[in-house]
Amino acid sequence: MPDHLAEPASLWDQGWYARALRLDSPNFGPRPAGACIDLIVIHSISLPPGQYGGQQVQDLFTNQLDWDAHPYFSEIRGLQVSSHFYIRRDGSLCQFVSAEDRAWHAGASEYRGRPQCNDDSIGIELEGLEGDVFEDAQYEQLSRLCLDLHRLYPIAHVAGHEHIAPGRKGDPGKGFDWQRLKATLQLPDQCFPVCF
Ligand SMILES: [Zn+2]
């Protein structure tokens, strides 16, 4: 057995990652029976867009955002979404939904010939903005998380929201360094989008 497939049982407990701060989101559901979790979807988000360091993303994903706190929030009022993971600018990691469950991050989407990517993917949000670059600490945390997910599931694809919902979504955007992620994960070329 390759070394990276050694059993890391203590890292995962029913889909919850020991290295993440757990913040339970009500926005999730069961995956379809027999779902093959083989896709990691990378996103970027900040609330208000471009402002980093606050609690608003965590509040959004846990349905606690004060919609009246900023004019932008009125544009997304009532939105019920989640991701499995959220990596902040300092590299700190939150988890909102068990990896065993279906988080609400992808929306209408299709990838590797399969629709509705929420069914069988893991969603990872990076605190950021489309077009902005990301921090070293975020790449380090993202790489470690992807490697640990790869130990748990047969991950065969890593893509951006922009790749699973082209034309509708643009995150994480041009500031995300796919080559850097690819180099640290040491997965074959066909695991990544062809268009970076
Ligand atoms: Zn997204």
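For the structure itself, consult the block above.
Residues numbered from 1 in each chain as written. Predicted model: local features only at pLDDT ≥ 70, side-chain atom pairs only at ≥ 80, totals over all residues. Heavy atoms only, no water.

(A) Examining the packing of aromatic side chains more closely. For the coordinates displayed, the defined rule picks out seven aromatic pairs. Ring plane angle 80° and centroid distance 6.3 Å describe the contact between W12 and F85, whose orientation is recorded as edge-to-face. Of this pair, W12 sits in strand 1 (residues 12-13) while F85 is found in strand 6 (residues 85-87), placing the two residues 73 residues apart along the sequence. On the accessibility criterion, W12 (9% relative accessible area) is buried. For F85, a relative accessible area of 0% gives the class buried. Their ring planes at 25° and their centres at 5.4 Å tell us that Y139 and F176 sit as a pair that is stacked. You can see Y139 sitting in helix 2 (residues 136-152) and its partner F176 sitting in the loop between helix 3 (161-164) and helix 4 (178-185), a full 37 residues away along the chain. We note that Y139, like F176, is buried. In textbook terms, an aromatic cluster arises when at least three aromatic residues are bridged by ring pairs, as seen for F134, Y139, F176 and W178. In this arrangement the basic side chain of R22 is found over the ring face of W16, its NZ or CZ atom lying 3.7 Å from the centre. (Phe/Tyr/Trp six-rings, centres within 6.5 Å; stacked < 30°, edge-to-face > 60°. Helix = DSSP H or I, 4+ residues; strand = E, 2+ residues; numbered from the N terminus. Buried < 20%, exposed > 50% of the residue type's maximum accessible area, 1.4 Å probe, protein only. Lys NZ or Arg CZ within 6 Å of the ring centre and 35° of its normal.)

(B) A look at the nonpolar core. By size, the foremost hydrophobic cluster in this structure holds 30 residues, and its most contacted members are F85, I124 and V158. Secondary structure elements with two or more residues in this core: strand 5 (39-45), strand 6, strand 11 (121-127), helix 2 and helix 4. Counting residues in hydrophobic clusters, the runner-up holds 15 residues, among them I45, L47, L60 and V81. (Core = buried A, V, L, I, M, F, W, Y, C linked by side-chain atoms within 4.5 Å.)

(C) Region of interest: the sheet that holds strand 3 (residues 21-22). Pairing is mixed across the open sheet formed by six strands, whose spatial order is 3-7-6-11-5-12. Looking at which strands have only one partner, the edges of the open sheet turn out to be strand 3 and strand 12 (157-160). Packing against the sheet, helix 2 makes contact with strand 5, strand 6, strand 7 (93-95) and strand 11, and its axis sits at approximately 170° to strand 11. Relative to strand 12, helix 4 is tilted by about 160°, and along the sheet it contacts strand 5 and strand 12. (Pairing = 2+ DSSP bridges. Contact = heavy atoms within 4.5 Å. Axes fitted to C-alpha atoms, helices over the stretch in contact; angles between N-to-C directions.)

Geometry only, nothing functional implied.
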